[in-house]
Amino acid sequence: MKIEQATSLTNAELVTAIARLAGNEREATVAFIVHLAEFDARRLYAAAGFSSTFRYCLEELHLSEDAAFNRIEAARAARAYPAIVDILITGALSPTTARMLGRHLTQENHQRLLAAAPGKSKQQVESLLAGLFPRPDVPPSVRALPAARSAIGVAASATTAAPAPSMPVAETLMIQAPSSASAERPAPAPPRPIVRPLSAQRYEIRFTARAETHEKLRKAQDLLGHAVPSGDLAEVFDRALTLLVEDLQKKKFAVTRRSRPSRGQAQDSRNIPADVQRAVVARDGVRCAFVAASGRRCGEGRRLEFHHHGAPYGIGGKPTVDNISLRCQTHTAYEADQFYGPRRRYAAGDAGQERMAVYGRVSGEVTRSGTGDHAIGETNVSSP
């Protein structure tokens, strides 16, 4: 098979090629699932010397365990409910989400589930199934875990309710304690963090924490002894996270219950007034507001920045609500590239430090080497 080199493609050609290859991969995967369903039904693995279709996929076809498991389960579900194949072809279901649905499909509910699940991510399908097929709360428990030769840790697991945190929920706290028997051998790796819906309003949350975190948790339980006599972990964590979110929103976005009028600032100040920050956050919904040419909004919620999206600060853009919007770091950098040109937006220095845009000014204008949508006017001057 000859693989085309991508370095010679233009941006438009590369985007087209990616879409075409993704479609080809999806079609090949669906075809494989359909054939695997028949292979599994005929038990052809036995004549080949394998005990199961799973072992055949691993040892003969060299699939990973996850890929084999997902495709076999999806194949069995598709054989029982052929409508799954058509949805897989469109890409509205993946082998993973088809496998998740397959465990719950019946003759009575399959039409309803197959109408509700397409287009949803794995997490969204998990939430859908948890709402329709709720599982019991995780029972409370406290147990010691073997300690590694390094620092002692704590694993805390709690089930929280969303969006009704006051609802009683169960929790698990697993404490990693020192053990002379295990001091000479490394402990097994701690379990990976888990956030898993149990029902429409309950989640199992499991993570590993330090001994210091466990001590803070115990102190919080003691201090909340009157308000939360049971020491319910879900309630303690909910109260702590409520305070943390309020504090972070106040620091990052000037969100406060009692706002004060602005005292004013210099006309050329970089500062974005608190009232502007609050208005932008309320308008953009604490999400990146970049909209692509296709009309798709980014919507990223992490590492957000206030961005001069209309007229950049370097050409005199003002910190007004109309000129400021939220951007993730990716789209802040992208729009800077579009306006100023690639690799010209950051000052020299440690890339890990706060990066400031470089503006070459002549009579209030800046050099613009980019040709993006946000370029304003024609500027025939050079940077100093």
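Each remark here, short or long, concerns the structure printed above.
Each residue is numbered by its place in its chain's sequence as written, counting from 1. Totals for whole chains, interfaces and linings use all residues, but because this is a predicted model, local features are given only for residues with pLDDT of at least 70 and pairs of side-chain atoms are given and counted only at 80 or more. The side-chain values count all of the structure's non-hydrogen atoms but skip hydrogen atoms and water molecules.

A word on the nonpolar core
Ile84, Leu88, Leu93, Leu101, Leu105 and Leu114 are the most contacted members of the largest nonpolar core, which totals 32 residues. Helical segments are the DSSP runs of H or I of at least four residues, strand segments are the runs of E of at least two, and each set is numbered from the N terminus. When contributions to this core are tallied by element, the ones reaching two or more residues are helix 1 (11-42), helix 3 (53-59), helix 4 (65-80), helix 5 (83-90), helix 6 (95-102), helix 7 (110-116) and helix 8 (122-132). It is helix 4 that provides the largest number of residues to this core, a total of six residues. Pairs of residues are marked as contacts when any of their non-hydrogen atoms sit within 4.5 Å. Among residues more than four places away in sequence, those in contact with Leu114 are Ala83, Ile84, Ile87, Leu93, Leu101 and Leu105. The nonpolar core is taken to be a set of buried Ala, Val, Leu, Ile, Met, Phe, Trp, Tyr and Cys residues, with the residues joined through side-chain atoms within 4.5 Å. The buried label applies to any residue whose accessible area, calculated with a 1.4 Å probe on protein chains only, is under 20% of its type's maximum; exposed applies above 50%, and partly exposed to all values in between. Judged by nonpolar contacts, the second largest core, of eleven residues, contains Ile272, Val281, Phe290 and Ile324.

As for the packing of helix 4 against helix 6
Two elements in contact, helix 4 and helix 6, have axes whose closest approach is 8 Å; the angle formed by their N-to-C orientations is 55°. By the angle class used here, helix 4 and helix 6 are oblique. Like other packed secondary-structure pairs, helix 4 and helix 6 cross with a definite hand, here left-handed. Touching Phe69, Asn70, Glu73, Ala74 and Ala77 of helix 4 are Pro95, Thr96, Ala98, Arg99 and Gly102, all from helix 6. Think of each axis as a best-fit line through the C-alpha atoms, taken over the contacting stretch in the case of a helix, with angles from 0 to 180 degrees between the N-to-C directions. Throughout, the term roughly parallel applies to angles under 35 degrees, roughly antiparallel to angles over 145, roughly perpendicular to angles from 65 to 115, and oblique to all others. Helix crossings get a hand from a simple test, with the near helix turned counterclockwise from the far one by less than a right angle marking a left-handed crossing and a clockwise turn marking a right-handed one.

Describing a nonpolar patch on the surface
By definition, no residue in a patch forms a salt bridge, and every one has over 30% relative accessible area; like charges are joined within 9 Å, nonpolar side chains (Val, Leu, Ile, Met, Phe, Trp, Tyr) within 5 Å. Computed by Shrake-Rupley with a 1.4 Å probe, the accessible areas treat only the displayed protein chains as cover when residues are assessed. A pairing counts as a salt bridge when a side-chain nitrogen of Lys or Arg comes within 4 Å of a carboxyl oxygen of Asp or Glu. A contiguous nonpolar patch, built from Leu241, Leu244 and Leu248 and spanning about 250 Å² of accessible area, is present on the exposed surface. Here Leu244 lies in helix 10 (residues 233-253).

Some remarks on helix 9 (residues 211-223)
When the terminal C-alpha atoms of helix 9 are compared, their 19 Å separation across 13 residues agrees well with the 18 Å that a helix rising 1.5 Å per residue should span. Taken together, the buried positions of helix 9 are occupied by His214, Leu217 and Gln221. Projected down its long axis, helix 9 shows its buried positions confined to an angular sector of 55°, all on one face. Among the exposed residues of helix 9, those oriented more than 90 degrees off its buried face are Lys216, Asp222 and Leu223. One fewer than the residue count of a helix, multiplied by 1.5 Å, yields its expected span. The arc in question is traced by the directions running from the helix axis to the C-beta atoms.

Focus: the pairing of strand 7 (residues 324-328)
The side chains of a regular strand alternate between both faces of the sheet. Strand 7 sits mainly inside the fold: five of its five residues count as buried. By the alternation rule, side chains of strand 7 split into Ile324, Leu326 and Cys328 and Ser325 and Arg327, which are all buried. For two strands to be treated as a pair, DSSP must find at least two bridges joining them. Across five bridges, strand 6 (residues 304-308) lies against strand 7 in antiparallel orientation. The residue of strand 7 that forms the bridge with His307 is Ser325.

Observations regarding helix 6
The buried fraction of helix 6 amounts to seven of the eight residues, a majority that puts the element mostly inside the structure. Of the positions making up helix 6, those classed as buried are Pro95, Thr96, Thr97, Ala98, Arg99, Met100 and Leu101. Where the residues of helix 6 are buried, they touch helix 1, helix 4, helix 5, helix 7 and helix 8.

A look at the environment of Ala46
By the element assignment, Ala46 lies in helix 2 (residues 44-47). Here the alpha-carbon distance between Ala46 and Tyr56, two residues ten residues apart in the chain, equals 9.1 Å.

Quick word on the packing of aromatic side chains
Stacked, tilted and edge-to-face are the three classes applied to pairs of Phe, Tyr and Trp rings, where Trp contributes its six-membered ring and a pair requires centres within 6.5 Å; stacked means planes under 30 degrees apart, edge-to-face means over 60, and tilted covers the rest. This structure, assessed with the given rule, holds five aromatic pairs. Consider the rings of Phe290 and Tyr334, whose centres lie 5.6 Å apart with planes at 80°: the pair is edge-to-face. In this pair, Phe290 sits in the loop between helix 11 (274-284) and strand 6 while Tyr334 sits in helix 12 (residues 329-340), placing the two residues 44 residues apart along the sequence. Accessibility expressed as a relative area gives 11% for Phe290, which makes it buried.

Comments concerning the pattern of salt bridges
For the structure on display, the rule yields eleven salt bridges. Ionic pairing is found between Glu38 and Arg42, a salt bridge with its closest N-O pair at 2.8 Å. Within this pair, Glu38 and its partner Arg42 are both found in helix 1, separated by four residues, close to a single helical turn. You can call Glu38 partly exposed: its relative accessible area is 30%. Using a relative accessible area of 56% as the deciding quantity, one classes Arg42 as exposed. Taking the shortest distance from any N to any O, the salt bridge between Arg202 and Asp137 comes out at 3.0 Å. Linking Arg202 in strand 5 (residues 202-210) with Asp137 in the loop between helix 8 and strand 1 (142-145), this pair joins segments that are 65 residues apart in sequence. We classify Arg202 as buried; its relative accessible area is 18%. Overall, the relative accessible area of 29% leaves Asp137 in the partly exposed class. Connected through salt bridges with shared partners, the residues Glu38, Arg42 and Arg79 form a single ionic network.

A short note on the packing of helix 1 against helix 4
It is the contact of helix 1 with helix 4, at a shortest axis distance of 8 Å, that shows an interaxial angle of 75°. The angle between the axes of helix 1 and helix 4 places the two elements in the roughly perpendicular class. In this structure, helix 1 contributes Thr29, Phe32, Ile33, Leu36, Ala37, Glu38, Asp40 and Ala41 to the contact, and helix 4 contributes Arg71, Ile72, Ala74, Ala75, Arg76 and Arg79. Any residue outside Ala, Val, Leu, Ile, Met, Phe, Trp, Tyr, Cys, Pro, Asp, Glu, Lys and Arg is labelled polar, Gly included; the first ten of those are nonpolar and the last four are charged. Grouping the amino acids of the contact of helix 1 with helix 4 by side-chain chemistry returns eight nonpolar, one polar and five charged.

As for the state of the cysteines
When two cysteine sulfur atoms lie within 2.5 Å, the pair is treated as a disulfide. According to the stated counting rule, one finds zero disulfides in the structure shown. Cys288 supplies the cysteine sulfur nearest to Cys298, a cysteine that is in no disulfide, at a spacing of 3.8 Å. Between Cys328, a cysteine without a disulfide, and Cys288, which holds the nearest cysteine sulfur, the sulfur-to-sulfur distance is 3.8 Å.

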